[in-house]
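Coordinates in review
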There are 2 protein chains.
Amino acid sequence: MSAPIPRPAEPRETHPDTVDPRVEALVNEVIGRVADKWTMIVLEVLTEHGELRFTRIGEFAGGISQKMLTQTLRQMERDGLVLRTVHPVIPPRVEYRLTDLGLSLAEAFCGVWQWAEANIARIEHARAAFDAAKAG
Amino acid sequence: MSAPIPRPAEPRETHPDTVDPRVEALVNEVIGRVADKWTMIVLEVLTEHGELRFTRIGEFAGGISQKMLTQTLRQMERDGLVLRTVHPVIPPRVEYRLTDLGLSLAEAFCGVWQWAEANIARIEHARAAFDAAKAG
DNA sequence: GTCTTCACTCTCTTTCAGGTAAGTATAGAT
DNA sequence: ATCTATACTTACCTGAAAGAGAGTGAAGAC
């Protein structure tokens with residue numbers, strides 16, 4: 001009994017304030033793409049340090065593989081979040097920086113970031129209480 | 001040549017404004033836990049509809065399995081984001097609603113949500129341009 | 001007696017994100 | 001000739017996430 005829970009046929013709006021499901025789906029997709037671990041970290045690194053080269057971002061990000069870094073960066077570039085500048089020299093020199101869109105996203109995430117920072121203690125306390133209650 | 005990119009030994013702070021890595025790690029963990037797909041969706045559903053029963057949340061969430069819903073809800077309860085009320089009747093009746101902490105998180109995420117909604121077009125345009133440039 | 005409801009819980013299987021390691025291209029230095 | 005630096009690709013592999021589907025328990029309806 002645990003296949004996906006089916007959505008009700010149609011008329012199931014207790015509250016009238018439901019969002020257009022297509023918008024909801026799009027927003028979810030965007031958030032899903034944008035809110036993954038590495039994207040957020042790269043976003044933060046670039047916000048903090050400005051324009052950086054590939055390897056440098058990797059150093060600041062901490063623990064990311066080249067593969068994931070390339071992948072994340074490409075995705076962000078495709079989404080218009082970062083600008084990639086290739087200098088045609090050898091050895092190659094590629095620099096990345098946030099676009100205005102990227103900066104605005106960083107700003108939006110700032111709230112969450114701050115929330116997390118401000119509420120770590122509360123969450124840890126809640127967890128301890130929960131675990132204690134379960135154990136006892 | 002793609003093992004994790006090593007962090008530089010120590011003295012590599014071009015910018016002085018680097019955050020305490022321990023705080024950074026904690027924040028990342030919290031965000032990682034809090035910002036997954038289903039948590040965000042459940043958060044939104046509960047924000048929009050107030051107190052709801054298990055199955056109801058599943059219906060609103062769309063496409064979630066019972067297993068994932070249980071798991072997500074438990075995690076959120078543990079983190080102090082939702083309150084779980086069991087009515088000792090048969091068949092069981094369990095209701096979930098956001099705590100103040102949960103509400104404050106929803107509020108913080110509101111910015112991202114709005115950003116996503118406001119910038120879907122820009123992202124899609126960027127993607128189209130990127131793909132076209134690559135193909136042509 | 002068995003059927004239904006609800007909120008799970010368990011197990012099995014598949015999917016996939018992400019890690020490792022190696023390869024590529026180029027020019028200048030040794 | 002070989003080595004180095006840089007920014008990637010590519011191929012392979014593994015562990016964890018998550019989906020499917022069945023099972024559970026208890027009371028009341030039939």
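Our structure's up above, just so we're on the same page.
Residues numbered from 1 in each chain as written. Chains lettered and ligands numbered in written order. Predicted model: local features only at pLDDT ≥ 70, side-chain atom pairs only at ≥ 80, totals over all residues. Heavy atoms only, no water.

Description of the interface of chain B and chain A
Between chain B and chain A, the residue contacts involve 68 residues of the former and 69 residues of the latter. The contact between chain B and chain A buries some 6000 Å² in all, and 63% of this surface belongs to carbon and sulfur atoms. The largest per-residue losses of area from chain B upon contact with chain A belong to Ile 5, Arg 78 and Trp 115 of chain B, which jointly make up 13% of the total buried on that side. In this assembly, chain B and chain A are joined by four salt bridges. Along the contact surface separating chain B from chain A lie nine residue pairs in polar contact (both at pLDDT 80 or more). Among the secondary structure elements, those contributing two or more residues to the side of chain B that touches chain A are helix H1 (21–34), helix H2 (37–49), helix H3 (54–61), helix H4 (66–78) and helix H5 (100–135) of chain B. The element best represented in the side of chain B that touches chain A is H5 of chain B, accounting for 20 residues. (Contact = heavy atoms within 4.5 Å. Buried area = accessible area lost by both parts, 1.4 Å probe. Salt bridge = Lys/Arg side-chain N within 4 Å of Asp/Glu carboxyl O. Polar contact = N/O pair within 3.5 Å; in protein donor to acceptor, adjacent residues only side chain to side chain. Helix = DSSP H or I, 4+ residues; strand = E, 2+ residues; numbered from the N terminus.)

Quick look at the sheet that holds strand E1 (residues 52–53) of chain A
Residues and elements named next belong to chain A. Judged by pairing direction, the sheet is antiparallel, and its three strands sit side by side in the order E1-E3-E2 without closing on themselves. The two strands at the open ends of the sheet, each matched to only one other strand, are E1 and strand E2 (82–87). Pairing analysis gives six bridges linking E2 to strand E3 (residues 93–98), with the strands arranged antiparallel. Across the sheet, the residue bridging to Val 86 is Val 94, located in E3. Its contacts with the sheet put helix H4 (residues 66–78) on E2 and E3, and the angle it makes with E2 is roughly 115 degrees. (Pairing = 2+ DSSP bridges. Axes fitted to C-alpha atoms, helices over the stretch in contact; angles between N-to-C directions.)

Side note on the sheet that holds strand E3 (residues 93–98) of chain B
Residues and elements named next belong to chain B. A sheet is described by the order of its strands in space; here three strands give the open sequence E1-E3-E2, paired in antiparallel fashion. Each edge of the open sheet is held by one strand with a lone partner, namely strand E1 (52–53) and strand E2 (82–87). Relative to E3, E1 runs antiparallel, the two sharing two bridges. In the strand pairing of E3, Leu 52 is matched with Tyr 96. Packing of H4 onto the sheet brings it into contact with E2 and E3, and relative to E2 it is tilted by some 115 degrees.

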